[in-house]
Each structure stands twice: as C-alpha cells, then as structure tokens.
Amino acid sequence: MRAVLIAVVFLATSWTSSAAGLPTPAEFAGFPIGSDGSLVKWDRIVEYFRLADESSDRILSQEIGKTTLGKPFLLVTVSSPSNLSRLGEIRAVQRRLAYPGELGEDEASRLAWSTPAVLLVTLNIHSTEIGSSQMALELIHRLATEESPWMRNMLDNVVFLLVPSMNPDGQVMVTEWYDKVKGTEHEGASMPWLYHHYAGHDNNRDAFMLTQKESRLLTKVLYQDWFPQVFLDEHQMGFSNARIFVPPWTNPINPNVDPLIWGENGLLGFSIFSALHEAGKEGVIYDTNYTSWWQGGFVMEAWWHNIVGLLTEVASVRIASPVEQEQAKLGVPPEGKEPSRREMQRMLAENPEAKIPAPRDVMPRNNYPRPWLGGRWTLRDIVDYELVATYALLEAVANNRVMLIENQVKMGRRAIEAGKNEKPYAFVFPPDPHDPAKLARMLELLHYAGVEVHRAEEGFEANGRRYPAGTHLVLMAQPFRAYAKDILEIQTHPDPSKYPAGTMREQPYDVTGWTLPLQMGVEAVRVEEPFDATVTQLDAVPMPRGEVRSAGASGEYGFLIRPEPNNTAVLTNRLLAEGARVSWLTAARDGSPPGSLHVENARYDRVTALAEELGLFGYELEAPLDSKTIPLAAPRVGLYQPWTASMDEGWTRFVLEEHEFSYETLHNAEIRAGNLRERLDVIIFPGDQDRERIVEGNDFKTTPPEYKGGIGEEGLGHLEEFVREGGTLVLMDSSTSLALESWPIPLRNVVKDLSGEEFSCPGSLLRIEVDPSHPIAFGMARNATAVFGDSAAFDLAPGFSYTDVTVIARYPNTNPLQSGWIRGEAHLANRIAAAEVGYERGRIVLIGFRPQFRAQPHNTFKLLFNAIHYAGADGASRPTSDSTMNP
C-alpha cells in the first residue's frame, strides 16, 4: 500500500518567476480582501487575473466563452513555466490517461512519472456564496509571486485549473444588490430575483442535461479538454453549526462509482481536514449532510468519470456582513428546538444586528473533533478557511501525483474490463421514426460528457430482437462506463429505514432518480449478453433532419405534421406569427394521430424548410381536409414571477423561450391591478410556490416596499375573475394549492396532510397513464414519466363527480415508481396526476408535478405547451369532460 504522502522528483529542473508588477489584492481592491461590507465585483476580478497573466509566467488567464448574460467566463491555468510551455502535450497525455484502452503498462507508468497531475477548482457557482470569488485574488497572488520549496513542488507537479466564478452574472447581481442595500434600512434583504438568469440555485443541478451556457463551458473543460484527476467545488452553507464540511461524504453510496473514488475522496478530504486543524480552525466536519448518491451536480458527476470529486461547504455570513451567534458550552447542547434556516433568515431580516441562537451540534466526536461553539463569523473567516483548504489540496495532489494518475488509468481500465465481462453489455436505442430528435439530443448529451457513442453500419440481432442499420448503441466496454450505465439505467435508492440508526440521512439529498431515457421518452434497451454488430464510433452526434412528403399540390390543401416532437410547439409559434392557419386534428386520420398539425395558408417551401430544420415529419395533402380540427391562435401568455426568486419560474421561462413562446412577465402589482382577461389568454404559476407564498409573498421587515408582499386577496380575486371570464389558469405542483384552497374546485390533494412516515417521494420518476386524445396531452405516449418531488396528487373532493373534471393523466393502480425511491406508494394508486377543471367560461389546468422540472423531463413538456396553445384555441372557454381517463 502506497503511503499517503509520496516524495516525488521535480518535473522541471529549474525555473524562475517574476510578478513584480502585480499589486497585492488589497492594493488592487482598495481594501483588505474579506473586509466587512466590502466586495470585489466580477469585472475587477477579471482585470486582476489579466494583470496576473501579464505579470507572471506561472499564470495563464483565458476567456473561454461568454455567460448567459454575456460576461466573460474565465479559466485560469497555474503551473511552472516549463509546464505552461507544453500545455498542448499535457492535454494530449490527459486524454490518453482518461481513455486508456490502447495504453500499455510501461507507457502508462512512464506517463504517470513524467507528467503533472491536473486539479480543477471551481468557485462561486452559487452567487450569494460569494466568499470564494474574493478568496481567488489572494490565492492567485500567492501562486504568482511566492518563491519557496512548497511552491516549487506544487507548480512542478500540478497543472492547476481555476474557474474564479462559475456564475459571473450572479456574482455581479449579488455584489450590486449588496452594495445598494448595505447601510440602509434594507440591509439584509434577500435579492428579489434569481442569481442565475434562468436556473438560480439550480445552476449546479444542470450537469447532465447541460441546458445552460456555463454548464457547457465547464463540461467541455472536464470531459473534452482536460480530464483532470481531481475536481474541487467550493461552496458555502448555513451559518448556525459547523464552519466547514470536507469529504468524505455520507451514505448512501452509488454502487456504480469505483470504490477507488471513495478512497481517494477520503485521502484528499482528510488532507484538507488535517490542514484546517493544523491552522487552528474550529468546526471542521465530514461524513454529514452531503450524500454519495446523487447524480446531477458537476462535482458529483466527476465520480462516474474516474475523477475524484470533492466539495467544501463553509459557513456563510450575510453576503459580506458578519453574523453574531450566542455561545454554547462544549458537550452541552442548548435546550429547545433548533430554529429552521428560514426562521434564522427571518430573524436576521427583521433585525440584522441580532445574535442567532447558539449552535446545537456541540458534541465532539471523530468526524467533528472541535465543534464550533458560537461567536462572530465574518467574510474574512470564509476566505481564510477556503485558502487553507485550497492550499492543502494543491499540496496533497502534488505529493500524490503518481498515485492519482495511476489510479485514474486503473479505474478506466477496470471500467473497460467490466463492460466486457459484466452485465449489461450495451444499451441499444432503436430508431424512432416519428421523433428521432429526442434520441439524438440524449446521445449528444452523453457524447458531450465523454461517453463513446456508436452507430450500427449494418442490421444486427441482440437479445432475440432485430435492429436495423443506423441503430445507435452505447457499448459498456469504455472508460466512462459508470457514467453511461448510471445515467441510462433505473435507480433504486436505498430505503433510509433499512440502514442502522445514524448512518444515513432520514430523507434523501435532492433527487433519487434521474434515468435519462425515461425523462426524454426514449426507448433504451438494456442488452445483457454480448452480440455481434458492425459499428462506427461517432465523432459527433448529428441532429436528424425532418421531412414533409410531397403530393405535388404545392401546398394548396395544406399539410399534416405529426405531433410527437416538442418542436411542433416551435413550428406552431413560428407559423402563427407568420400568419399561417394552424389547427389540431382531433381524431386519427390516415396514420396521423390526434394532435397532428394541420397547416394552411403557408408556402410549400417554408413548411418543408421548417420541418427539415426542426426534425418534424408529415405530408402534403392531396385534397381538402375533411376531418374535425381545433383552430389555434397565438396565445397571449402571462408567467407569474414572484419577488421571492422562484427557480421553477426561471426554468419555465427557459423552456418557453427555447420553444419560442412569447410571454408577459406578471409581478404581484400586475395581478393586483386586475383586468387580466383583457390582455391575456393563459396565466402560468411556477411549481415551487404554494398558496401562502403566492398570496403573502415576502413580508420581511427589511424588504424594500416595491418587493414586499404577494398578490394578496385582491389579486386572488382578480385571478378568479380572469378564469370566470374565459381565461386559462395553469397551475403546477405546489401552486395547485392556489386553486384547491381558494375556490370551489372538485379536486383535493390526497398527499398534502400525510406525514413523512406515511408518504415520501422526494425527486423520483413515476409512471403516469396519459389520455393522448385530450388536447393537453396531444402527441404524448399513453405511458409517460413524471418527476415527482413531494408533489401533489388529486382525487375528487367531497360533493363533486367526474362530470366536473376532465382527467388528463393518472397514476396506475400498481406501484408507479420507475426510478428512485418512494414510501407509501399506495396513496398514489389510481390518483389523478393532471386534470382540466371547467370554471364558468374558463378552465383551470392542474398538473400535480412539474412537467418542465429543471428543463429535464422532455417527455412531459407537452402538458405545458399544449395547455398554452389550448388557451388560444377556438372554443378554449368550453372545457370538455369526456376524457378516457374519467371512470
């Protein structure tokens, strides 16, 4: 067994560095970094890294792209001048190490001893966790200027990749908001909008769907350009107990991850743990809160790529204002119930100078030997803890360079061998003649994340099924087998009750299931045994082109376009804007299912070009259509945006914009003003806002008056009036309570009052049975997958019958769980998942889950899209009640 710290020879024999022109961070900023009330904004941070690049031959600062709002996204490379002069060679070596299928033992050993290890550190993905973006200036100054044996060892043996902010847009927003309110009566008020334009705090939940620009930029660094051995993401957490979390993580572990990851996770985590205690830091904890299961965060996703993914979480302050905490006694937990994080936020919002209650976790133990007992906590403390952690990791990676490289190769080889000798052998994806774009999109995500994707050049047979040429495959004999397997297969999260007491969280951390084919609505056949096929590995996954079959009529009688792809919404929106007539087919006709688009008054070349671009399929009509249709019109859409920074509103906005829906943003004042029906056909409420939050909003004392409160009872009345006058109200997940608890609605939420012991389903994939003859479900399969995250499920309310409601989707009588974890599944048996309720001249569409959750479940987007277009359809104010889902 190799010792924890390995003496290594320097990779370069000599080097010098001069950074005399680089001011200290304090000189540059005009104040000591971490000073109470003082922050360096992103444009100045970019400028400092430019100066470091110009001043030091150890620093390379590059803008590798633009953020969502057009700001520079930086990647800073730090190493010895010798290493920086051969970065292209080192990157090529990193790719060979990451894909070791053709790498011999002698060559692997030679590379391990002759190349530096690569460490990636990302900072400030959550913008209110701003300490790390400030720390970056002091970090880079030391790396650029210090002459010492420690620095020589690190620079020679490590290529250090630093992302000073994963969310520069939010860094600017938070800094500007803090500077605006500090020293005023509004100091401590939360910023009333998302700190990532679309994703907010969910921006680190985008690691496999890659919807955002920043996600793509980081993933390119990770799995296309650099393939680091180690990846650390630095965060902040709540401010009441421990001062910093370091790895190892807590249970449960994901079984697809190579155990070496957990070993090295502990090795490097304990290096940080020891360094913090060496520096005299209190409140250092491991093996708590953050689990080893969840797929979706960037640093966790690294585990399935044979990269040691590490996380630090430092206790927060109020952006840059200190927090005062009452003192506790070691080993004597304070009496009473610990306030929730929101209660503490309210306490500080009401009185920014208030002391928060003393920490409750004061018992010394193996994973928390020197508990935090309270006192004053500042931004400078955050900077200091993060500097110690980062330096410790740099040292540990330098000293364990050879081991880390050799183990990365070993994990890649083991993955290849497991793919040859263990089940499954492959995942096979049969062609979808009606919606090939969704499969291409999924395969493109896999390919972008480094997975090898193949295409069959000839027909082949596997598991007794015949597949045609052009079928796509993911063969498991590849170095990133763990990632491909984990993202494609069903998850079975362990039941917390089965673990010994105290060894696992009572509730899972974040989602428990993420199976990509289920969310995308793609058929993925798991093939257990080897088979013969002639395949080609793809260098890129092309998007398929659509086709409209010609009848030679030059579009005189119009076209029928199949309804399955989500891009039919894009086509509809574009054609309606151009003056074409678009309608829905209400019943199947000559192979075209209900919901097929009948397009008229549009040029033949325009329709065919759009269909080809958007991956849509259909045919030109030879004669006038004699089938019943529902004419569509461009809907006037309102999307509610509360002043409480709703992430689900951001994701909804993103999905709508991606599919080219025009909409008006509605704030509380617009709803309280009334006359909604005069300008809108449909109003959408995001799924993470319940009735109380919508009606009452943010009532903290420090909140500026223009952002205080919610829609109020007055706005609630105007919404009811909007529906009564023929408008459509779309409510999702928690926001369904707005109607259920306000008006005489024929439904009730059957899981609302159940305890966690009776029912729990935090972020799992559940099967729903859909009525594709209902306009809101046009184009969907009869069996679909919903993301259920402690969501709502409905049954008839007392005194009502099914003549009052039209069911769009139900949960089956059997256990609906497809991937993840559920407790008390019987409570969902045959319950309503989505429904349309007529309300005088209008309708309320209640979707108990979030059909657009984090822009991931493409297979349920249509419930939202169709509900919007239905609101603008001719006869939209006449709801139906003849669904095949009604008893």
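The structure under discussion appears in the preceding block.
Residues numbered from 1 in each chain as written. Predicted model: local features only at pLDDT ≥ 70, side-chain atom pairs only at ≥ 80, totals over all residues. Heavy atoms only, no water.

Brief notes about the overall build of the protein
Consideration 1: Summing up its helical and strand segments, the protein has 25 helices and 38 strands in all.
Consideration 2: Summarising its shape, the C-alpha atoms of the protein cover approximately 85 × 70 × 55 Å along the three principal directions.
Consideration 3: A burial count over the protein gives 64% of its 887 residues as buried.
Consideration 4: Counting only contacts in the protein whose residues sit at least 6 apart along the sequence, the fraction spanning at least 24 positions is 81%.
Consideration 5: For the protein, the exposed surface amounts to about 31900 Å²; the carbon and sulfur share of it is 49%. (Helix = DSSP H or I, 4+ residues; strand = E, 2+ residues; numbered from the N terminus. Buried < 20%, exposed > 50% of the residue type's maximum accessible area, 1.4 Å probe, protein only. Contact = heavy atoms within 4.5 Å. Areas by Shrake-Rupley, 256 points an atom, 1.4 Å probe, with all protein chains shown as cover.)

Examining unusual backbone geometry
Consideration 1: In this structure, Pro248 follows Pro247 across a cis peptide bond, with omega equal to 10 degrees.
Consideration 2: With omega at 0 degrees, the peptide bond leading from Lys423 into Pro424 counts as cis.
Consideration 3: Mapping Pro424 onto the fold places it in the loop between α14 (401–421) and β14 (426–429).
Consideration 4: We note that Glu840 has phi near 50 degrees; this positive angle belongs to a residue other than glycine.
Consideration 5: Relative to the elements of secondary structure, Glu840 occurs in the loop between β37 (832–839) and β38 (842–847).

A closer look at helix α18 (residues 567–577)
Consideration 1: Summarising burial for α18: 9 of the 11 residues are buried, a large majority.
Consideration 2: Those residues of α18 not exposed but buried are Thr568, Ala569, Val570, Leu571, Thr572, Asn573, Arg574, Leu575 and Leu576.
Consideration 3: Here the buried face of α18 lies against β22 (559–561), β23 (581–585), β24 (597–600), α19 (604–614), α20 (647–658) and α25 (861–871).
Consideration 4: Two residues or fewer after α18 comes Gly579, characterised by a positive phi angle close to 95 degrees.

Things to note about the sheet that holds strand β13 (residues 375–377)
Consideration 1: Within the open sheet, the 3 strands sit side by side as β12-β11-β13. Their pairing is mixed. This sheet does not close on itself; its edge strands, each paired only once, are β12 (355–356) and β13. (Pairing = 2+ DSSP bridges.)

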